[in-house]
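Residue strings, one per chain:
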Amino acid sequence: MMKNQTYCVIMAGGGGIRFWPVSRTARPKQFLDMLGTGKTFLRSTFERFASFIPAENFLVVTNAAHKELALEQLPELTERQILTEPLGRNTATCIAYAAFRLQATAPGAIMIVTPSDHLILNEAAFRDVVEEGVDFASTHDALVTIGVRPTRPATGYGYIQTGKSVGDSHLHQVRIFTEKPSAELAQAFLQSGDFVWNSGIFIWQTEAILRQLEKLMPDTYYLFRSAGAVFGTPQENDSIARIYPECRNISIDYAVMEQADNVYVRCGDFGWSDLGTWGSLYDYLPKDENGNTTGCEAVTFDTTDCLVRLPEGKLAVIDGLSDYIVVDTADALLICPKGTEQNIKRYIDAIKFHKGERHI
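Residues numbered from 1 in each chain as written. Predicted model: local features only at pLDDT ≥ 70, side-chain atom pairs only at ≥ 80, totals over all residues. Heavy atoms only, no water.

Some remarks on the packing of aromatic side chains
Okay, so step 1: Taken as a whole, this structure holds 21 aromatic pairs when the rule is applied.
Okay, so step 2: Ring plane angle 50° and centroid distance 5.9 Å describe the contact between Phe49 and Phe52, whose orientation is recorded as tilted. Phe52 matches Phe49 in its accessibility class, with the two residues each being buried.
Okay, so step 3: Through a chain of ring-to-ring contacts, the aromatic side chains of Tyr97, Phe100, Tyr221, Tyr222, Phe224, Phe231 and Tyr244 assemble into a single cluster.
Okay, so step 4: The ring of Tyr282 has Lys338 sitting right over it, with the charged end atom 3.9 Å from the ring centre. (Phe/Tyr/Trp six-rings, centres within 6.5 Å; stacked < 30°, edge-to-face > 60°. Buried < 20%, exposed > 50% of the residue type's maximum accessible area, 1.4 Å probe, protein only. Lys NZ or Arg CZ within 6 Å of the ring centre and 35° of its normal.)

Below you can see the structure in the form of structure tokens.
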């Protein structure tokens, strides 16, 4: 693995609304210690890759409003390593921005692109998988994605059907991507043994992804290319402010990965989870004999399998709940069944309508 040519791009945008009311516009989940480890999601992600990538080879893409938060949590980085988005335009635009910056400032770079909010339990095994992906991408015109062997028929993840293996490596050609299948289809995927979860972690040469963006997203590609030689200069932010509103709001999966003909997957088993909801967080937190996870001062009666989170110094007494989420903050309280937490966005829309933006 060529450390000097390998760069890690951490995608730290997004509002983290599924962790409302703890995750807010001013400080979304990637900047919070959701697991109670003493480290935020962003910090944990940085440290995971910093074990084999130099600090100067990181880029963090985040909302302009969160630039100072990113620098505060990652003091090893300089201001120019934080790429600021004037508004959210999903992962395809985020990756295009980072790729054009690297093309201008680090020709020949290999990009590892990662979300900022995933859990990896076996980091040594994860590093082995990533390094094999880097070695392959560095010598092939390939878009490599990291797959995870599914352990249950999850409907909230994307799935990848694996094809032929590549030589004597652990990589496979990708046959098809399927986003968030039905429960029946997810069960069939699990039983077939040919499908893996799409982790959303990608590896490729900068030029390889730019070629696919030019082919499959020419509108976005030429918008960024129109910025010319400004990448890495003081004029960059002004050009990005002009470009972003014109870019499509689309994920890299839909825009490129599902359409490109040079996509490969390296599957691994390293204790991965996309901690995107209170329910998924519940699965990884310690629990009492009744299946409740509190991490706060709570007294429960006839209460099972609940997640309870309160501000420090506050006491909750809960009687008769099962499979509920109870999250309290200084100005908002959420109580809902774990099975209906997908409605949180609807709750937020209702709050905006009735109460304005103060609670978001």
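Description of the pairing of strand 15 (residues 324–328)
Okay, so step 1: Of all five residues in strand 15, four are buried, a share of seventy percent or more.
Okay, so step 2: As defined by bridge partners, strand 13 (residues 307–309) adjoins strand 15 across three bridges and the pair is classed as parallel. Pairing of Leu307 across the sheet is with Ile325, part of strand 15.
Okay, so step 3: By the bridge criterion, five bridges tie strand 15 to strand 16 (residues 333–337) in an arrangement that is antiparallel. Bridge pairing links Val327 to Leu334 in strand 16.
Okay, so step 4: Joining the antiparallel neighbours strand 15 and strand 16 is a turn of four residues. (Helix = DSSP H or I, 4+ residues; strand = E, 2+ residues; numbered from the N terminus. Pairing = 2+ DSSP bridges.)

A look at the pairing of strand 7 (residues 158–165)
Okay, so step 1: Counting buried residues in strand 7 gives six out of eight residues, a clear majority hidden from the surface.
Okay, so step 2: Two elements, strand 7 and strand 8 (residues 171–179), share six bridges in a ladder whose sense is antiparallel. Of the residues in strand 8, the one forming a bridge with Ser165 is His172.
Okay, so step 3: Once strand 7 ends, the chain turns through five residues before running back antiparallel as strand 8, passing Gly167 with a positive phi of about 55°.
Okay, so step 4: Where strand 7 meets strand 9 (residues 195–205), three bridges bridge the pair, whose relative direction is antiparallel. By the bridge assignment, Ile160 is partnered in strand 9 with Val196.

Section: the pattern of salt bridges
Oppositely charged side chains can pair when the atoms bearing their charge come close.
Okay, so step 1: Under the criterion given, the structure shown has 15 salt bridges.
Okay, so step 2: Close ionic contact of Arg43 with Glu47 constitutes a salt bridge, the shortest N to O distance being 2.8 Å. Placement of the pair is Arg43 and Glu47 together in helix 1 (residues 41–50), with a separation of four residues, close to one helical turn.
Okay, so step 3: Since its relative accessible area comes to 16%, Arg43 is described here as buried.
Okay, so step 4: The class for Glu47 is partly exposed, based on a relative accessible area of 29%.
Okay, so step 5: A salt bridge links Lys314 to Asp328; the shortest N-O distance between them is 2.5 Å. Of this pair, Lys314 sits in the loop between strand 13 and strand 14 (315–319) while Asp328 sits in strand 15, placing them 14 residues apart in sequence. (Salt bridge = Lys/Arg side-chain N within 4 Å of Asp/Glu carboxyl O.)

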